[in-house]
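A look at the structure
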Amino acid sequence: MTSHPVDSYSTCTTLKCGNQSYEIFSLARLSGKDAERVSRLPISLRVLLENLLRHDDGSELVGKSIRALIEWNPQAEPDTEIGFTVGRVLLQDFTGVPCVADLAAMRDAVAKVGGDPTVVNPLQPVDLVIDHSVQVDVFGRPDAAALNSKLEYERNRERYVFLRWGANAFRNFRVVPPDTGIVHQVNIEFLAPVVATQVVNGRLRAFFDTLVGTDSHTPMVNALGVLGWGVGGIEAEAAMLGQPISMLIPQVVGVHLKGRLPAGATATDLVLTITQRLRQHGVVGKFVEYFGDGLDSLSVADRATVANMSPEYGATVGFFPVDEQTLEYLRFTGRSEEQIALVEAYWKEQGMFRTRGAAPLQYSAVIEIDLGAIEPCIAGPRRPHDRVPLANAKASWRKALGEYLVSKGQATAEDAAAFEKGSVAPDSVFARKVSVECDGNSFEMGHGHVVISAITSCTNTSNPSVLVAAGLLARKARERGLRTKPWVKTSLAPGSQAVTEYLRESGLLRSLEELGFHVVGYGCTTCIGNSGPLPQPVSEAIQRGDLVAAAVLSGNRNFEGRIHAQVRANYLASPPLVVSYALAGTVDIDFQNEPIGVGSDGQPVYLRDLWPTPEEVIATVQASVHSEMFRRIYSNVFEGDENWRAIEAPQGLRYAWDESSTYIKRPPFFDEVALEPTPPSDIVGARALAVLGHSVTTDHISPAGSIAKQSPAAQYLMSLGVEPKDFNSYGARRGNHEVMVRGTFANIRLRNELVPGVEGGFTVHLPDGEQMTIYDAAMRYKAEGVPLIVIAGQEYGSGSSRDWAAKGTALLGVRAVIAESFERIHRSNLVGMGILPLQFEPGQSRHTLGLTGRETYDILGIADALAPGCKLRVLAHGEAGQTVEFWVRARIDTPNELAYYRNGGILPYVFRQLVRAKA
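Here's a quick rundown of the structure. The structure displayed is predicted, hence computed values, not measured ones.

Now for the overall build of the chain. When you go through the chain residue by residue, the secondary structure sums to 33 helices and 34 strands. For the chain, contacts bridging at least 24 residues in sequence account for 76% of all contacts bridging at least 6. Charge-centre separation for the chain: the mean point of 88 positive side chains lies 1 Å from the mean point of 102 negative side chains.

Moving on to the sheet that holds strand 30 (residues 814–819). Think of a sheet as strands paired side by side through backbone hydrogen bonds, with each pair either parallel or antiparallel. Spatial strand order, 26-29-30-31-34-33-32: seven strands in a closed barrel with mixed pairing. Strand-to-strand twist across the sheet, computed as the mean angle between neighbouring axes with direction ignored, equals 35 degrees. Where strand 26 (residues 683–691) lies against strand 29 (residues 788–791), four bridges are found, and the strand directions are parallel. Each bridged residue has a counterpart across the sheet, and for A690 the counterpart in strand 29 is V790. Along the sheet, helix 28 (residues 774–784) contacts strand 26 and strand 29; its crossing angle with strand 26, the most-contacted strand, is approximately 170 degrees.

Let's shift gears to the sheet that holds strand 9 (residues 210–213). Across the sheet, five strands lie side by side as 6-5-4-9-10; this open sheet has parallel pairing. Because the sheet does not close on itself, it has two edges, and the strands there are strand 6 (173–176) and strand 10 (227–230). Going from strand to strand, the sheet's axes swing by 20 degrees on average, the running direction of each strand aside. Examined bridge by bridge, strand 4 (residues 88–92) and strand 5 (residues 126–129) share four bridges and lie parallel to one another. Note that in strand 5 the partner of Q92 across the bridge is V129.

Moving on to the side chain of N747. Position of N747 relative to the elements: it lies in the loop between helix 27 (737–743) and strand 27 (762–765). For N747, a relative accessible area of 12% translates into the label buried. Engagement of the side chain of N747 in a polar contact is seen with the backbone oxygen of D699, the distance being 3.0 Å. At a separation of 2.6 Å, a polar atom in the side chain of N747 contacts the main-chain amide nitrogen of R749. Residues within four places of N747 in sequence aside, it is in contact with E560, D699, H700, G760 and G761.

Right, let's talk about the packing of aromatic side chains for a bit. Across all of its chains, the model carries 27 aromatic pairs by this definition. On the basis of an interplanar angle of 55 degrees and a centroid distance of 5.7 Å, the ring pair of W229 and F287 is categorised as tilted. In this pair, W229 sits in strand 10 while F287 sits in strand 13 (residues 287–291), placing the two residues 58 residues apart along the sequence. In terms of burial, W229 and F287 fall into one category: buried. Within the aromatic cluster, the residues linked to one another by ring pairs are F162, W165, F170, F173, Y655 and W657. Looking at R608, its charged tip hangs above the ring of Y606, at a distance of 4.3 Å from the centre. Here K807 stacks its cationic end above the ring of W804, 5.5 Å away from the centre of that ring.

What follows covers the environment of P576. Within the fold, P576 resides in helix 20 (residues 575–584). P576 sits in the buried class, given a relative accessible area of 0%. Sequence separation between P576 and P612 is 36 residues; the distance between their C-alpha atoms is 9.2 Å. In this view, P576 contacts V466, A469, A470, L473 and W611; residues no more than four positions away in its chain are not counted.

Right, let's get into the packing of helix 7 (residues 233–240) against helix 33 (residues 906–917). When two helices pack together, their arrangement is given by the angle between the helix axes and by the axis-to-axis distance. The geometry of helix 7 relative to helix 33 is characterised by a closest axis approach of 9 Å and an angle of 15 degrees between their N-to-C directions. Regarding the angle of helix 7 to helix 33, the classification is roughly parallel. In the packing of helix 7 onto helix 33, the handedness of the crossing is left-handed. From helix 7, I234, E235, E237 and A238 reach across to helix 33, where they touch I906, L907 and V910. Here the residues of the contact of helix 7 with helix 33 are counted per class, giving five nonpolar, no polar and two charged.

It is generally the case that most residues other than glycine have a negative phi and that most peptide bonds are trans. In this model, G380 is joined to P381 through a cis peptide bond whose omega is 10 degrees. Of note, P381 is situated in the loop between strand 16 (377–379) and strand 17 (387–389). With an omega of 15 degrees, the peptide bond between L766 and P767 qualifies as cis. Turning to its location among the elements, P767 is positioned in the loop between strand 27 and strand 28 (770–773).

Time to look at the nonpolar core. One finds Y290, W347 and Y796 to be the most contacted residues of the largest nonpolar core, which totals 309 residues. Top element by residues in this core is helix 4 (residues 93–112). It accounts for eleven residues. Look past the residues within four positions of Y290 in its chain and what remains in contact with it is V255, L257, I274, L278, L295, V306, Y313, G318, F319, F320 and P321. Judged by nonpolar contacts, the second largest core, of five residues, contains V136, V138, A144 and A493.

Turning next to the packing of helix 2 (residues 43–54) against helix 3 (residues 60–70). The contact between helix 2 and helix 3 brings their axes to 10 Å, and the two run at 155 degrees. Compared by their axis directions, helix 2 and helix 3 come out roughly antiparallel. Taken as a pair, helix 2 and helix 3 cross one another with a handedness that is left-handed. Where helix 2 approaches helix 3, its residues L45, L48, L49, L52 and L53 are matched on the opposing element by V62, S65, I66, L69 and I70.

This brings us to the environment of G797. Within the secondary structure, G797 is located in the loop between strand 29 and helix 29 (804–811). For G797, a relative accessible area of 3% gives the class buried. Apart from the residues lying within four places of it in its own chain, the contact partners of G797 are V696, T697, T698, I701, E823 and H826.

Let's shift gears to the side chain of R827. Tracing the chain through its elements places R827 in helix 30 (residues 824–832). The contact partners of R827, leaving out residues within four places of it in the chain, are F822, P837, R891, I892, D893 and E897.

A few words on the environment of Q497. By the secondary structure assignment, Q497 is in helix 17 (residues 497–506). With near-sequence residues (within four places) excluded, Q497 lies in contact with D179, T180, Y522 and I633.

Moving on to the pattern of salt bridges. In this structure the tally under the stated criterion is 55 salt bridges. A salt bridge links E344 to K348; the shortest N-O distance between them is 2.7 Å. Here E344 and its partner K348 are both found in helix 12 (residues 337–349), four residues apart, which amounts to about one turn of the helix. Each of D293, D296, R303, D323, R354 and R356 takes part in a single network of salt bridges with overlapping partners.

Take the pairing of strand 28 next. Consecutive residues of a regular strand have side chains that alternate between opposite faces of the sheet. Looking at chain direction, strand 27 and strand 28 are connected through four bridges and run antiparallel. Bridge pairing in strand 28 links T763 to M772. Linking strand 27 back to strand 28 in an antiparallel pair, the connection comprises four residues, with G769 at a positive phi of about 80 degrees.

For helix 20, the buried fraction is high: ten of the ten residues fall into the buried class. Taken as a whole, helix 20 has its buried residues at P575, P576, L577, V578, V579, S580, Y581, A582, L583 and A584. G585 lies just past helix 20 and shows a positive phi near 80 degrees.

Conventions used here
- Residues numbered from 1 in each chain as written.
- Predicted model: local features only at pLDDT ≥ 70, side-chain atom pairs only at ≥ 80, totals over all residues.
- Heavy atoms only, no water.
- Helix = DSSP H or I, 4+ residues; strand = E, 2+ residues; numbered from the N terminus.
- Contact = heavy atoms within 4.5 Å.
- Lys, Arg positive; Asp, Glu negative; His and termini not counted.
- Charge placed at Lys NZ, Arg CZ, Asp CG, Glu CD.
- Pairing = 2+ DSSP bridges.
- Axes fitted to C-alpha atoms, helices over the stretch in contact; angles between N-to-C directions.
- Buried < 20%, exposed > 50% of the residue type's maximum accessible area, 1.4 Å probe, protein only.
- Polar contact = N/O pair within 3.5 Å; in protein donor to acceptor, adjacent residues only side chain to side chain.
- Phe/Tyr/Trp six-rings, centres within 6.5 Å; stacked < 30°, edge-to-face > 60°.
- Lys NZ or Arg CZ within 6 Å of the ring centre and 35° of its normal.
- Parallel < 35°, antiparallel > 145°, perpendicular 65-115°, else oblique.
- Left-handed = near helix turned anticlockwise from the far one by under 90°.
- Nonpolar A, V, L, I, M, F, W, Y, C, P; charged D, E, K, R; others polar.
- Core = buried A, V, L, I, M, F, W, Y, C linked by side-chain atoms within 4.5 Å.
- Salt bridge = Lys/Arg side-chain N within 4 Å of Asp/Glu carboxyl O.

Written out as structure tokens, the structure reads:
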């Protein structure tokens, strides 16, 4: 934070609140045309403007940035770089462990050149919440949470010891222990101050709460008027060390909400509708800001549901301004009255507190959404923005199954068309059944059987209304004598312990448990692939019958291969619909016209008979959810339980790396880093490691989920004596680069066009054409001195903000990625790892240019002409001697990113900056 800002616009003033005075930088003190312009700026951009004013060092760059924001043109293409200095950084353990490992390795590197290792220390407050490591191994029993927690500690002890060291070794670094809650829910319920304070030069300064987080769903906190978004771990490390986040002033799309949700519709249905609408509009790299009188009827929990899925609709943020609902939520979650008063006074002083009927602001585009038109829906079977109205869910499922079986050659188009119309011949592949014996139950399984039904993820478990609705539906189902189908693996993973408290107090936890929805742990479970194993008989039935099984979860991600390796169809749904599908046991059901089951009285029971009314939900929430619950739960949040306290934390400023560890290894990113960077060179004679299609996600690229027994990562672990039962997940082993590089591009659903008809992490080595794993091919190319590229379609790198999607790509030897378009976070992560993101010219692609990926590639102009957004020439030399020449645009978007690339990545850049500063 700039200690002595220049205050070029005379905005520094004093805010008095109660008995306390605060130094603030007030936009209300702007005058003349500047005041008029700023009064019409989107609220989110005003937060950025205050950030720049507070960090004004008098430099020409900052001065231009401030003017550009004040004079923002909503229709202009973003072209002005600014530096956004965040107030804090938020980590979760999957991404946080590599961050801490990189900082520890950077300390070693600084010490190696004779520097002081303590210069490597977070300058901004950092909170790491351990929430990604719990898996659903045990379910459907009262002790499920305790047993899963025990397994979690056994598997992850090395990682937790390392994090305990980090909490001691680094200043400004706190760890929230396991079994507390999901990072984003803990953030909105406890960590976020909304208005932050800090003593600067002896004065108490107040300012907007801002952050970046190493999880793409960080924008969930936008629901509180907190500006923050997801970044990769490498960007987060730079932010921790005082580097501003380099960005272009974005376009801002306004979403005008009007009306109120009708009975039967939930916030989940709203966000799935918004996700579909905004994906169709196109908001990648843009801010989205919600406004309108419809906000009056949306609680902060509803807003958090919408903000959480910003990465699913592609936006950087999904921002809501502070209003009376915000203050009520802060009071509801146990914030102090002094803090609430400061939030209200500060936002009103800034002229940004939302009131009904406020004058419209300027936006780059406006999308109208009538809340009253929202209807129940699900999304799937592969992507969050593939919304399906619940009334059409059965037809959509049948169409998707037909297309899949036809593509696999298991059915004809005529068979599929008949199936879609409801005609299924007894000998048809669509009628395939497998007999199963499981836990004393005998049943048959077929296509579409729901084998996972999970109330999970921060998106919905932060919202009492949808969780109470699920509990009320469960209660009514039990009263009618309904039970969950025996092939369904059920789970309830609350986002915080407060959820269990109010479900228990309302009596609804018992109803959920009677249907098998016992608490399995507190953290991200099914939503990130920690669904755990299916019961063995169910797993064998899916394999034996080659069944397309389904999962229904209240999550935000359903990408291929993410939820469970054996489950091909995955649907996002509200918590009450998750319970409903568990009762039905299949996605091949029309809830509108078909009964969900038969009651104990022998009569059919329909979903409409079980669905709770809004009045029932509101009454239960008001009677069962209390502020005291939040105060009690978070009063000693950093202490942890007896398992956490029993871990002995190592001491010392530098970490004592254990060479025998299979979880934590010193990362290699500083091994060859000299004090002066080597200038970048043209890429000549490169081979394509993979040629990929559209919507390749970071789930496809980054190692995630379970470690397959035949994979290179498995072979590596077994060579060290690790048995398959102890593999754990890729996420848990993110602190070991040897595992991660072997798992990069190893997703079981990856489709590399160099090996047509093959799914998984395979490619061909050229020019000999031998098929092998991507890792093995990359190592052979490395030994041969051949640089590598990846060629892809649209939306490359969508999904989670996984830094290992870039780190692993770099360690494989990939120098550049040529794609039709990039998702924001992954593009910046590539630059941060010294990989050049290149974009085809509009209208061009690998198909229009006739590229097969079997060519050799020269990328020219890097050495002499590389600049933000510049054009580079590519020569693709074919096997028959022909050459295709085309131009690509360098997606290095800012001068800061150019500096990172010239240094070989952001980590070497920061290392050199720290060493020079202390020289």
